[in-house]
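Structural description and commentary
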Amino acid sequence: MKKLLTYIFILIPVFIYGNYNFVNNRDSLFLNSNVPDSTVIKNVDSLNIIDTTKNDDDVDAVIIATASDSLTFDINKKKMYLYGSGIITFKDSELKSGKINIDFTTNDVYAEGRVDTTGGKNKIVETPVLKDGGENYEGARLKYNFKSKKGFISAAKNRMTDVRYEGNKVKKVDKDTYFIEDGIYTTCDSDTPHTFFSAQQMKVINKDKIVAKWIFMYIGGVPLPIPIPFAVFPSESGRRSGIIIPAYGTTADRGQFFRNFGYYWAMNDYFDVALTGDYYTRGGYGLHSRSRYAKRYSLSGNFSLNYSKTFIGEVGDPTRTESDEWNLGLYHNQTIDPTMNLVINLSFVSSTYYQNNSSNLNELLNQNITSYATFSKRWEESGNSLSLYYSRTQNLSSGNITEALPNLTFNKNFEYPFRDEESTEKNMAWYEYIGYSYNGKLVNNRIKTNGNLRIRGGIEHDFSFSASPKLGYFNISPSISYTEKWYNKRISKYYTYNIQNGKPDGLLKKNLNEKLITEDIKEINAVRTFSLGVSASTKIYGFMPVNSFGIEAFRHTVTPSISYNYSPDFSKKKWGYYETIYDKYGNPVTYDKYGNEVFGGASNSESQSVSFSVGNLFELKTLKDPTDTTSQAEKITLMNINASIGYNFAADSLKLSDLNISYRTQLGDYLNIYGSTAYTFYDYDNRTRINKFLSSQGKGLLRLTNFSLSLSTNLSGDKIMGTEKNSTDKKAATEEDEGDALALSGSDYIALYDEQPPDFKIPWTLGLNFNYTFSKPYPSTHTVSTNIGANASMSLSEKWKLTLRANYDLEEKEISAPQITINRDLHCWEMNFTWNPLGRYRGFNFEIRMKAPELRDIKVTKSQGLYSGRR
């Protein structure tokens, strides 16, 4: 194998004045004046020549030249010839070719392939490949000037990350501009592209755009019969300003349409805007705008405004309807500093907007539109926090609106005022366990129901005092809670008849049609309540060693706790929170004067309750691998079972509460199980619980009133096989998440669906959930609810993917909201088919479109039902 020849030029062009002969000797260089003007050097490992002469037109950088066969210097003519795998490297440019000629007088380089006669056949190999500015150019012949960066390539090809262009002749007129004759543009990475655009004349602006005129689109090698007069293609993937191509179609009730026609403006790396419109031949139209912004580590958000004029039915048809619909959305997330954050998520929608414009099932089925805004501040040293919150809930069916403006909350972290900083748990005095916390709220609610507006506001202060000393194996926690509510209103009730001395006139009882009136009284009042409590808890551990089958031991942890809580009856007259009036028959009616306020009133019953609960945690511990020094034992939770019951000494009847049991387990990462049961100890008379125990009636100790069970699993082929994305993909995803600029392209604004593209690399996924509920509040009646939900996808082959979504009610034997999706990877194209076969929102959408983000608007669609004419 021939040795590689390397020649390094510093301050090129380098000219050797006089005649020198370089002899193949690795230890020394011999100079001889009696040699010819042209010298051929073969089989030399390296050669360094430095010249101190330089003129203004010289290239002022290092050129590295290598060849596998020979380097020939014509010193008088200042030329060099490379033969066999020649490589020239200069700054960020690199040229590879079988034959390379360099003229140092003009700084021109000429390259072409060499002839390979191996096997008796003359074959052109090692054709020129030029890397310049991060792009690759391939061709049959190349002429290039290192100084001016101009050149010419015949039968050229250019390959970039996602696109490439080719041409019979490519002329580079400056650093960033090329002219192409008989060129093609394609996003297909196949050597023979399945889809490409052909034009006789093309202009390429590096890392910007490609401009062409009279373009024919080829699909499978067959051109479409009608050319495109001109087009502008992006030469680099990413966000680009441009026209958004509309979608065409027909709907049964709104006629023919084109929608999403408009313009996308990528203003800069941090902001973009999309303006689109819809038009229906029966008179409807829509106007839409959306803008986005983003700045790394600081803020991001978007703003959208949509208006739609909808006509359903023919002109003159008595069933024809007309409606104006709108949708306004704002999202803003800003980190002001590490301790302050602002999040705004507002959505204002007319009642029928989604019904007439959306194809998203979640939007169609949702009846409540929720908006919120939150400003939060925390103080790291003290642990205190402050949040200002706004919320708005709009019911699309009734039109009722509930707003909280403002909603201010301040939390003071738990603090121990008597604790010495040098105290430890061993020498701590009893009073050092005493601590307190504070929570303050200011709320102003605006409730609009059937056009009537009610405003309720108030301030609530919650103080909590507690201690947590440890007595032996028990944790004892006494506590006192104090709540004070400030209101500027209260209610007053009365009946509409004559009142004498606080009671109705007895003579008029039979003739009165009483009506209860509730009025708001504006006055400032305070509602003060308190409660006392004490609790005790401990933990009991049980171990069972195994030391086999990879298991070291089983552990059972029992956490029993008992608590006592007391709160008085605040409906008594001495507290002043309740008021009594009389109906026309003289019966007293007691009401809470503050029951309609934002934080409610005071309790109307005394409570002296004892609660008892037992928590059971079952775990196992695995053995370490004796053959692996880095192996660690693992703790695996097998099951959680909790039970609770209570007894209220102050109740006049039914003092014993229900027995509630809940259980939860997780089998690895594959199955989650949750269930709960409730039992009563009391008997019933028809549908009324009576103060008699079941045991005293010979009906057993307790009776089941409620049982629920929920099972869910999420499985996938890569999850079970333990495969993960490679580190390159992870790094790219991280860099994209952290980027300053917006990651989405303009076509994302006009996508019909907001779904993620299918991942054909995952062989299958399966999400199942099973829910069963049995309710028997009375012995004579019960209800059962059972349903199964499934979300499954399967890669039928390397290019086909099937997704199924459905819920099945086992009691009603009905399928609700089924959906079938089929995806097909067509290399540089993709096919998507979505079908909702049943229900109110039935319909289908069939679409074939180009996969490249910059060409996704080139598509063929067919839709019906839900998906027809909707965004």
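These numbers come from a predicted model, not from an experiment.

**So, the overall build of the protein chain**
Check the secondary structure of the protein chain and you find 4 helices and 56 strands. Sequence separation of at least 24 residues holds for 51% of the intrachain contacts in the protein chain that already meet a minimum separation of 6.

**Looking at the pairing of strand β42 (residues 588-592)**
With 5 bridges joining them, strand β41 (residues 578-582) and β42 adopt antiparallel strand pairing. When the bridges of β42 are listed, Glu579 appears paired with Tyr591. Between β41 and β42, which pair antiparallel one after the other, the connecting turn spans 5 residues, and Gly586 there sits at a positive phi close to 85°.

**Things to note about unusual backbone geometry**
Residue Leu405 is joined to Pro406 through a cis peptide bond whose omega torsion reads -5°. Of note in the backbone geometry, Tyr297 takes a positive phi value of approximately 65° without being a glycine. The exposure class of Tyr297 is exposed, given its relative accessible area of 62%. Positive phi is not limited to glycine here, since Leu654 has a value of about 50°. When its relative accessible area of 32% is taken as the criterion, Leu654 is described as partly exposed.

**Description of a nonpolar patch on the surface**
Taken together, the side chains of Ile243, Ile245, Phe261, Tyr263, Trp265 and Met267 present a nonpolar region at the surface, about 610 Å² in accessible area. Note that Trp265 resides in strand β23 (residues 255-268).

**Concerning the pattern of salt bridges**
For the structure on display, the rule yields 21 salt bridges. The shortest N-O distance in the salt bridge between Lys699 and Asp683 comes to 3.0 Å. Here Lys699, found in the loop between β48 (688-693) and β49 (703-716), pairs with Asp683, found in strand β47 (residues 682-685); they are 16 residues apart in sequence, far enough to count as distant. Judged by relative accessible area, which is 7%, Asp683 ranks as buried. Salt bridges linked by common partners bring Lys309, Glu322 and Asp324 together as one network.

**Observations regarding the nonpolar core**
Counting residues in hydrophobic clusters, the biggest one holds 44 residues, and the most contacted among them are Met80, Leu82 and Ile88. Membership of the second largest hydrophobic core comes to 9 residues, among which are Val443, Val527, Phe570 and Tyr578.

**Observations regarding the pairing of strand β40 (residues 551-567)**
With 6 bridges joining them, strand β38 (residues 516-537) and β40 adopt antiparallel strand pairing. Bridged to Gly533 within β40 is Asn565. The pairing of strand β39 (residues 540-548) with β40 spans 7 bridges and is antiparallel. In the sheet register, Pro545 faces β40, and the bridge partner there is Ala553. Once β39 ends, the chain turns through 2 residues before running back antiparallel as β40, passing Phe549 with a positive phi of about 55°. Strand direction decides the pairing type here: β40 and strand β43 (residues 607-622), joined by 16 bridges, are antiparallel. The partner of Ser561 across the bridge, within β43, is Ser613.

**Re the packing of aromatic side chains**
The tally for this structure, following the rule as stated, stands at 21 aromatic pairs. Plain terms: the ring middles of Tyr647 and Phe649 are 5.0 Å apart, the flat faces sit at 70° to each other, and that makes the pair edge-to-face. Taken together, the aromatic side chains of Tyr487, Phe530, Phe570, Trp575, Tyr577, Tyr594 and Phe599 make up a single cluster linked through ring pairs. The ring centre of Tyr416 lies 3.9 Å from the NZ or CZ of Arg419, which sits over that ring.

**Details of the side chain of Asp272**
Topologically, Asp272 is positioned in strand β24 (residues 271-280). A polar atom in the side chain of Asp272 sits 2.6 Å from the side chain of Tyr264. For Asp272, the side chain forms a polar contact with the side chain of Arg292, separated by 2.7 Å.

**Quick word on the side chain of Asp583**
Take Asp583: it is sitting in the loop between β41 and β42. Look at Asp583 and you get buried, because its relative accessible area is 10%. Separated by 2.8 Å, the side chain of Asp583 and the backbone nitrogen of Asn587 make a polar contact.

**Concerning the confidence of the model for the protein chain**
In this model, the protein chain carries a mean pLDDT of 79, and residues with pLDDT of at least 70 account for 83%. With pLDDT under 50 throughout, residues 1-57 is counted as low confidence; its partners more than four residues away or in other chains account for 119 contacts. Below pLDDT 50 for its whole length, residues 498-502 participates in 5 contacts with residues either more than four positions away or in separate chains.

**With respect to the state of the cysteines**
Under the criterion given, the structure shown has 0 disulfides. Note on Cys188: no disulfide assigned, nearest cysteine sulfur contributed by Cys828 at a separation of 3.9 Å. Relative accessible area serves as the criterion here: at 3%, Cys188 is assigned to the buried category. The exposure class assigned to Cys828 is buried, which follows from its relative accessible area of 5%.

**Describing the environment of Ser492**
Position of Ser492 among the secondary structure elements: in strand β35 (residues 474-495). Sequence separation between Ser492 and Glu579 is 87 residues, and the spatial gap between their C-alpha atoms is 8.5 Å.

Conventions and cut-offs
- Residues numbered from 1 in each chain as written.
- Predicted model: local features only at pLDDT ≥ 70, side-chain atom pairs only at ≥ 80, totals over all residues.
- Heavy atoms only, no water.
- Helix = DSSP H or I, 4+ residues; strand = E, 2+ residues; numbered from the N terminus.
- Contact = heavy atoms within 4.5 Å.
- Pairing = 2+ DSSP bridges.
- Buried < 20%, exposed > 50% of the residue type's maximum accessible area, 1.4 Å probe, protein only.
- Patch = residues over 30% accessible without salt bridge, like charges linked within 9 Å, V, L, I, M, F, W, Y side chains within 5 Å.
- Areas by Shrake-Rupley, 256 points an atom, 1.4 Å probe, with all protein chains shown as cover.
- Salt bridge = Lys/Arg side-chain N within 4 Å of Asp/Glu carboxyl O.
- Core = buried A, V, L, I, M, F, W, Y, C linked by side-chain atoms within 4.5 Å.
- Phe/Tyr/Trp six-rings, centres within 6.5 Å; stacked < 30°, edge-to-face > 60°.
- Lys NZ or Arg CZ within 6 Å of the ring centre and 35° of its normal.
- Polar contact = N/O pair within 3.5 Å; in protein donor to acceptor, adjacent residues only side chain to side chain.
- pLDDT = per-residue confidence, 0-100.
- Disulfide = S-S within 2.5 Å.

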